[in-house]
Amino acid sequence: MKVKRDFTGVVLAGGKSSRMGSDKADLVLKNKTLLHNACDLLKDAGAKNILISRNVTNPVKSSSQYSCDYPSEKYVKDIYPNSGPLGGIYSTLIATEHDLLITAVDMPLLTSSLLSTIVLASQSNKVQSVSNQLNQSQIHAWHFENEPLPLYIRNTSSVKNHLKHILTNANSHKSIKQFTQSIGVQTLLCNKTHALINTNTPAQFKAVNEHFDQSINQLRKTL
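Owing to the predicted nature of the structure, the values given are computational and were not obtained by experimental measurement.

Conventions used here
- Residues numbered from 1 in each chain as written.
- Predicted model: local features only at pLDDT ≥ 70, side-chain atom pairs only at ≥ 80, totals over all residues.
- Heavy atoms only, no water.
- Salt bridge = Lys/Arg side-chain N within 4 Å of Asp/Glu carboxyl O.
- Helix = DSSP H or I, 4+ residues; strand = E, 2+ residues; numbered from the N terminus.
- Buried < 20%, exposed > 50% of the residue type's maximum accessible area, 1.4 Å probe, protein only.
- Expected span 1.5 Å × (residues − 1).
- Arc of directions from axis to C-beta.
- Contact = heavy atoms within 4.5 Å.
- Core = buried A, V, L, I, M, F, W, Y, C linked by side-chain atoms within 4.5 Å.
- Polar contact = N/O pair within 3.5 Å; in protein donor to acceptor, adjacent residues only side chain to side chain.
- Pairing = 2+ DSSP bridges.
- Axes fitted to C-alpha atoms, helices over the stretch in contact; angles between N-to-C directions.
- Parallel < 35°, antiparallel > 145°, perpendicular 65-115°, else oblique.
- Left-handed = near helix turned anticlockwise from the far one by under 90°.
- Nonpolar A, V, L, I, M, F, W, Y, C, P; charged D, E, K, R; others polar.

Q: An account of the pattern of salt bridges is needed here, citing residue identities and associated values.
A: In the structure shown here, the tally under the stated rule is 5 salt bridges. Here Asp6 makes a salt bridge to Lys48, at a shortest N to O gap of 4.0 Å. Of this pair, Asp6 sits in the segment before β1 (7-12) while Lys48 sits in the loop between α1 (34-44) and β4 (49-53), placing them 42 residues apart in sequence. By relative accessible area, which is 43% here, Asp6 ends up partly exposed. Its salt-bridge partner being Asp106, residue Lys24 comes within 2.7 Å of it at the nearest N-O pair. Here Lys24, found in the loop between β1 and β2 (28-29), pairs with Asp106, found in the loop between β6 (99-104) and α3 (112-124); they are 82 residues apart in sequence, far enough to count as distant. Residue classification places Lys24 among the buried positions, given a relative accessible area of 12%. Put simply, Arg5, Asp99 and Arg154 are held in one network by salt bridges that share partners.

Q: Account for α1, naming residues and giving values.
A: An α-helix turns once every 3.6 residues. As a result, residues three or four positions apart point the same way. α1 sits mainly inside the fold: 9 of its 11 residues count as buried. Remark: Gly46 follows α1 within two positions and exhibits a positive phi of approximately 110°.

Q: I'd like a rundown of helix α4 (residues 157-168), residues and numbers included.
A: Spanning 12 residues, α4 covers 16 Å between terminal C-alpha atoms, matching the ideal 16 Å at 1.5 Å per step. The set of residues buried in α4 consists of Ser158, Val159, Leu163, Ile166 and Leu167. Buried residues of α4, viewed axially, fall in a sector of 165°; they line one side. Buried residues belonging to α4 abut α2 (84-95), β8 (151-153) and α5 (176-183).

Q: Could you give an account of the nonpolar core, naming the residues involved and the relevant values?
A: In terms of nonpolar packing, the biggest core is built from 60 residues, with Leu35, Ile89, Leu101, Ile102 and Ile153 touching the most fellow members. Per-element tally for this core: the top contributor is α1, with 6 residues. Each residue touching Ile102, except ones within four places of it in the same chain, is listed here: Val10, Leu12, Ile89, Leu149, Pro150, Leu151 and Ile153.

Q: Break down the environment of Asn155 for me, with residues and values.
A: By the secondary structure assignment, Asn155 is in the loop between β8 and α4. Between the C-alpha atom of Asn155 and that of Phe7, which follows or precedes it by 148 residues, the distance is 9.3 Å. Residue contacts for Asn155: discarding those within four places in its chain leaves Leu93, Thr96, Glu97, His98, Asp99 and Lys160. Separated by 3.3 Å, the side chains of Asn155 and Lys160 make a polar contact.

Q: Account for the sheet that holds β1, naming residues and giving values.
A: One open sheet accounts for 7 strands, arranged β5-β4-β1-β6-β8-β7-β9; its pairing is mixed. Unpaired on one side and paired on the other, β5 (73-76) and β9 (185-188) mark the two borders of the sheet. Strand-to-strand twist in this sheet, taken as the mean axis angle between neighbours without regard to direction, amounts to 20°. Across 3 bridges, the pairing between β6 and β8 is antiparallel. Its bridge partner lying in β8, Ile102 is registered against Leu151. Contacting β7 (141-144), β8 and β9, α5 crosses the sheet at an angle of about 35° to β8.

Q: How would you explain the packing of α4 against α5 if you had to name every residue and give the values?
A: Two numbers describe how α4 lies on α5: the axes approach to 11 Å, and their chain directions differ by 140°. With respect to α5, the element α4 is oriented oblique. Crossing handedness for the pair α4 and α5: right-handed. Two secondary-structure elements touch here, α4 through Val159, His162, Leu163 and Ile166 and α5 through Phe179, Ser182 and Ile183. Looking at the contact of α4 with α5, its residues break down into 5 nonpolar, 2 polar and no charged.

Q: Requested: an account of the side chain of Asn155, with residues and values cited.
A: When its relative accessible area of 10% is taken as the criterion, Asn155 is described as buried. Within the structure, the side chain of Asn155 is placed 2.9 Å from the backbone oxygen of His98, a separation counted as a polar contact.

Q: Mind laying out the packing of α2 against α4, listing which residues take part and the relevant values?
A: Two elements in contact, α2 and α4, have axes whose closest approach is 10 Å; the angle formed by their N-to-C orientations is 145°. As α2 packs across α4, the resulting crossing turns out to be left-handed. Contacts between α2 and α4 involve Leu86, Gly87, Ile89, Tyr90, Leu93 and Ile94 from the first element and Val159, Lys160, Leu163, Lys164, Ile166 and Leu167 from the second. Broken down by class, the residue content of the contact of α2 with α4 amounts to 9 nonpolar, 1 polar and 2 charged.

What follows is the structure in structure tokens.
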């Protein structure tokens, strides 16, 4: 009988939000901050606990109504600062012994069912070795085709060592997609690609608010 693997949910929320003009994590959509929404989706998908990649010492929440407040919630600062999303992924891999289900804070149309699709694909795969040698013929990561996030990743010594090498090598290309390809990735088809859209500007976020329960055509026009 196959044993279900526990996994930790991760929200990447450490970006500078320069194009948005304000912290995307604190933006409110349907009475929730984007951070709260991302945490809820990960919990609904079955995450054992939540890690938030966010370079803050004492996070101040907008209000109790909008907070991402779980007993198992933990903020994680980058071990290697200014390394982009890969820096957040590495730091959260170090912070837990479980596999990771990772999403970005700025994906307001994402659903827990899409996250569960990725989890199911990872659970169907054979458990990988925890050796220090990375076998690229094995699968260590799962994400939808052409979209590196959301992402499920095995938490093994070989994966962590490989990612550390990327982060500490000044000449390495710090791309999530290239990283997952280098550790063995299974890409999945998604029939709701609009749900994987990032909102990076005020115009995009306004479109999401206005058409949250309607057509996303207006949102696509702003991309």
